[in-house]
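Reading the structure
Single-letter residue listing:
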Amino acid sequence: MLINLILRVVPFWVREPLLIAASLFFAGFCLYWFAAVGEWQRAAFGVVFLALAVLRAFVLRREWRSRPRADQAG
């Protein structure tokens, strides 16, 4: 599957922001659809995508802070 190949080849620092952006897009779409049409299932999908984006942001933040800075390495 093409998406699996892309996720394996793309480095972590590119892949994570893309996953966060896609999750936020789908969360916004689902929550907008819930506001326009109704039915709680759409809101539940929006909350799931939002939680996924927040989780990936915390992972990215933790990895970013664990890397040594270039000015402190020497």
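Please read these numbers as outputs of a predicted model, since none were measured by experiment. (Residues numbered from 1 in each chain as written. Predicted model: local features only at pLDDT ≥ 70, side-chain atom pairs only at ≥ 80, totals over all residues. Heavy atoms only, no water.)

Some thoughts on helix α3 (residues 40-66)
Think of an α-helix as turning once every 3.6 residues; residues three or four places apart then point the same way. Its 27 residues place the ends of α3 39 Å apart at the C-alpha level, agreeing with the 39 Å of an ideal helix rising 1.5 Å per residue. Elements in contact with the buried residues of α3: α2 (12-37). (Helix = DSSP H or I, 4+ residues; strand = E, 2+ residues; numbered from the N terminus. Expected span 1.5 Å × (residues − 1). Contact = heavy atoms within 4.5 Å.)

Quick notes on a nonpolar patch on the surface
Nonpolar side chains collect at one region of the surface, where Met-1, Leu-2, Ile-3, Leu-5, Ile-6, Leu-7, Val-9 and Leu-19 lie side by side and expose about 820 Å² of accessible area between them. At six residues, the largest contribution of residues to the nonpolar patch is made by helix α1 (residues 2-9). You can see Val-9 is positioned in helix α1. (Patch = residues over 30% accessible without salt bridge, like charges linked within 9 Å, V, L, I, M, F, W, Y side chains within 5 Å. Areas by Shrake-Rupley, 256 points an atom, 1.4 Å probe, with all protein chains shown as cover. Salt bridge = Lys/Arg side-chain N within 4 Å of Asp/Glu carboxyl O.)

Observations concerning the pattern of salt bridges
Per the counting criterion, the structure on display carries three salt bridges. Between Arg-15 and Glu-16 there is a salt bridge whose closest N-O contact spans 3.9 Å. Since its relative accessible area comes to 1%, Glu-16 is described here as buried. A salt bridge links Arg-42 to Glu-39, with the nearest nitrogen and oxygen atoms 3.5 Å apart. Accessibility expressed as a relative area gives 17% for Arg-42, which makes it buried. Look at the salt bridges and you will find they share partners, linking Arg-15, Glu-16 and Arg-56 into a network. (Buried < 20%, exposed > 50% of the residue type's maximum accessible area, 1.4 Å probe, protein only.)

Re the packing of α2 against α3
α3 packs onto α2 with a crossing angle of 160° between their chain directions and a minimal axis gap of 8 Å. The angle between α2 and α3 places the two elements in the roughly antiparallel class. Crossing handedness for the pair α2 and α3: left-handed. Split by residue class, the contact of α2 with α3 holds 23 nonpolar, two polar and four charged. (Axes fitted to C-alpha atoms, helices over the stretch in contact; angles between N-to-C directions. Parallel < 35°, antiparallel > 145°, perpendicular 65-115°, else oblique. Left-handed = near helix turned anticlockwise from the far one by under 90°. Nonpolar A, V, L, I, M, F, W, Y, C, P; charged D, E, K, R; others polar.)

Topic: the packing of aromatic side chains
Taken as a whole and judged by the stated rule, the model has four aromatic pairs. Consider the rings of Phe-25 and Phe-26, whose centres lie 5.4 Å apart with planes at 65°: the pair is edge-to-face. Judged by its relative accessible area of 39%, Phe-26 is partly exposed. One aromatic cluster is present, formed by Phe-25, Phe-26 and Phe-49 through successive ring pairs. (Phe/Tyr/Trp six-rings, centres within 6.5 Å; stacked < 30°, edge-to-face > 60°.)

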